[in-house]
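# Tertiary structure, described
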Amino acid sequence: MQTVLSVKNISKKYGFIQALNNVSFDVPKGSVFGILGPNGSGKTTLLGIVLNVLQPSSGSFELLGKEPDADARKQIGTLLETPNFYHYLSAEKNLQIVAAIKGKGFNNIDNVLKKVNLLERKDSKFSTFSLGMKQRLAIAAALIVDPDVLILDEPTNGLDPVGIAEIRALIQTLSVEGKTIIMASHLLDEVEKVCNYVAILKKGILLTAGKVDEVLVNEEIVEVGCADLSKLMNVLSAYHPKQKDNLLQLYFKTGTAKLDDINKHCFDSGITLNHLHLKKKSLEAKFLEITNN
Amino acid sequence: MKKLIKIEWMKVKDYRTFWVLSVLYLISIFGANLIAFRIQQSIFEREKTKMVANLFIGNTPYSFPSNWQMTSWLSSFLMFVPGLLVLISICNEYSYKTHRQNIIDGWSRSQFITAKFLFLFIITTISTLVVFIAALLFGFADGHTSFSLNDCQYIGYFFIQCLSYSSAALLIGVLLKRSGFAIGVYFLYATILENSIAGILNRYANNIGRFLPLESTDNLIPMPFFKSMQKQFLPDTSVALLLGIAAFYLIAYYVVVKKRFETSDL
């Protein structure tokens, strides 16, 4: 498996604040890789380091399989934090500057403007654009070199529901074309819908990274209760129960919890249950659980 | 390098503020010299005043070859404008965050800052060219002497002075980032503060005020008249020494700006 981006032990301090703490992960080629975390968890800082606008305090990374350099960035389409353009220039002229820096001609500009529905506004100054239009122009800029790798920081930020759906569809189309997309988001729902890999950050610490269906696996929880909890704890020790109030919770992967088996096992061991309940765990609960520990 | 200049050109080509200021600046160079030239004419036209002027000033300042020094000296009072253009250019990048975007899009940090130095160099070259043309024009308009390129080294000194002022502006822009703040500090420093500090140092600290960053290049082009009087106030400083100091500061500006931009968080 080829890796597009390999982050190795990156830390970043702003004075006393540890924005990133020893973060390492690999982004496989062809994946849609979500970097998920609440606001202020270090997502943008991490991408800023990868794009050389921030300097890491320690650690290193490899981009496109080699030491990072300016030429690697030329081949990547990027949207970092906010759309950054010259306010006094038109959409088209701003994209010409992006294309010129990337060493490309201007022939793709109309094409990408059309993709984000801004073609008829190409001669309007950037300063006249609404937030959503600015965001779409930034996405157009990211697509200008037809890149194999895209880095998108909160790409649906500021877009209306239609715009959000369009961008998600666009990301999925790009993914089908075999492009690698690295996307930062604080929206679990977004990551779950478009990503197949995820890394979860919280306060600069990488909590977990891997395939979405493994990390954000849906769980079932069985709650059991009886008069003598300590005895029940012993009987059910094989299930690694956790005590919550006056109940015990048992965790199962979706579809594997069998209430009748548990009930029978307890009864055979001399315990009569007074509570037996199956709960489905939502992704939000899972996310909160991961980020709250 | 051609690519860097081309992209820098794309940034200013449709920027109206830049062009309005540039045109006003160029008009002001001719305007300031025109005013001085008219004063010269009115003094030297009348016999009475002409005798006094001849006694104190000598020949008309705008006659060849003193026109080169006169025009360079007078135009240097507008010296903060090219610096202002450079400041606007760099501070715009900071306020639009396009300095980050240029790097993200694939410029190296050193390419970005090299492009700014090239921009500064071109502005300086054009300013110098215009001053050269103005000196030539008023030299011919004066008409007392025939064309001469003697003393046209002052045009070269103007170039160095302009390079120094705009590089100082770039340094202030890179350090302060916010345009209003940077423009205020630059303007006050270039017009008032450094002159005051230089005056105090010259008075109380063995004339070392003349070696301050901008002051040292100011002294390359001294006032073209009352020379004997100036000598009583300021010690003679060799041009070679002043050029050496100018070179030192220019290299320092370059190194500090480059290091600052290439190693800090953007």
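These numbers were taken from a predicted model, which means no experiment stands behind them.

Facing 24 residues of chain A, the contacting portion of chain B comprises 21 residues. Elements represented by at least two residues in the side of chain A that touches chain B include exactly α2 (70–74) and α3 (91–101) of chain A. For the side of chain A that touches chain B, the per-class residue count stands at 13 nonpolar, seven polar and four charged.

Right, let's talk about the domain arrangement of chain A for a bit. Residue and element names in this part refer to chain A. Here chain A is described as being made up of domain 1 (3–215) and domain 2 (219–292). Here the C-alpha centroids of domain 1 and domain 2 sit 42 Å apart. Counting from both sides, the interface comprises seven residues of domain 1 and, opposite them, five residues of domain 2. Elements with a contribution of two residues or more to the side of domain 1 that touches domain 2: α7 (188–194), β8 (197–202) and β9 (205–211). For the side of domain 1 that touches domain 2, the per-class residue count stands at four nonpolar, one polar and two charged.

Okay, the environment of A:Lys134 next. Take A:Lys134: it is sitting in helix α5 (residues 131–143). Ignoring sequence-local partners within four residues, the contact set of A:Lys134 consists of A:Pro83 and A:Phe129.

Another aspect to go through is unusual backbone geometry. Residues and elements named next belong to chain B. At the junction of Phe 64 and Pro 65, the peptide bond is cis and its omega measures out at -5° in the coordinates. Relative to the helices and strands, Pro 65 is located in the loop between α3 (47–56) and α4 (66–75). The phi angle at Asp 151 is positive, at roughly 65°, despite the residue not being glycine. Inspection of the secondary structure assignment puts Asp 151 in the loop between α7 (109–142) and α8 (153–176). For Lys 177, which is not a glycine, the phi torsion comes out positive at approximately 70°.

Residue and element names in this part refer to chain A. Inspection of the secondary structure puts Asn 117 in the loop between α4 (109–115) and α5. Note on Asn 117: 14 C-beta atoms within 10 Å, which makes it partly exposed. Along the chain, Asn 117 and Met 133 lie 16 residues apart, while their C-alpha atoms are 8.9 Å from each other.

Cut-offs applied
- Residues numbered from 1 in each chain as written.
- Chains lettered and ligands numbered in written order.
- Predicted model: local features only at pLDDT ≥ 70, side-chain atom pairs only at ≥ 80, totals over all residues.
- Contact = placed C-beta atoms within 7 Å.
- Helix = DSSP H or I, 4+ residues; strand = E, 2+ residues; numbered from the N terminus.
- Nonpolar A, V, L, I, M, F, W, Y, C, P; charged D, E, K, R; others polar.
- Domains from an automatic or database assignment.
- Buried ≥ 20, exposed ≤ 12 C-beta atoms within 10 Å, placed from the backbone.

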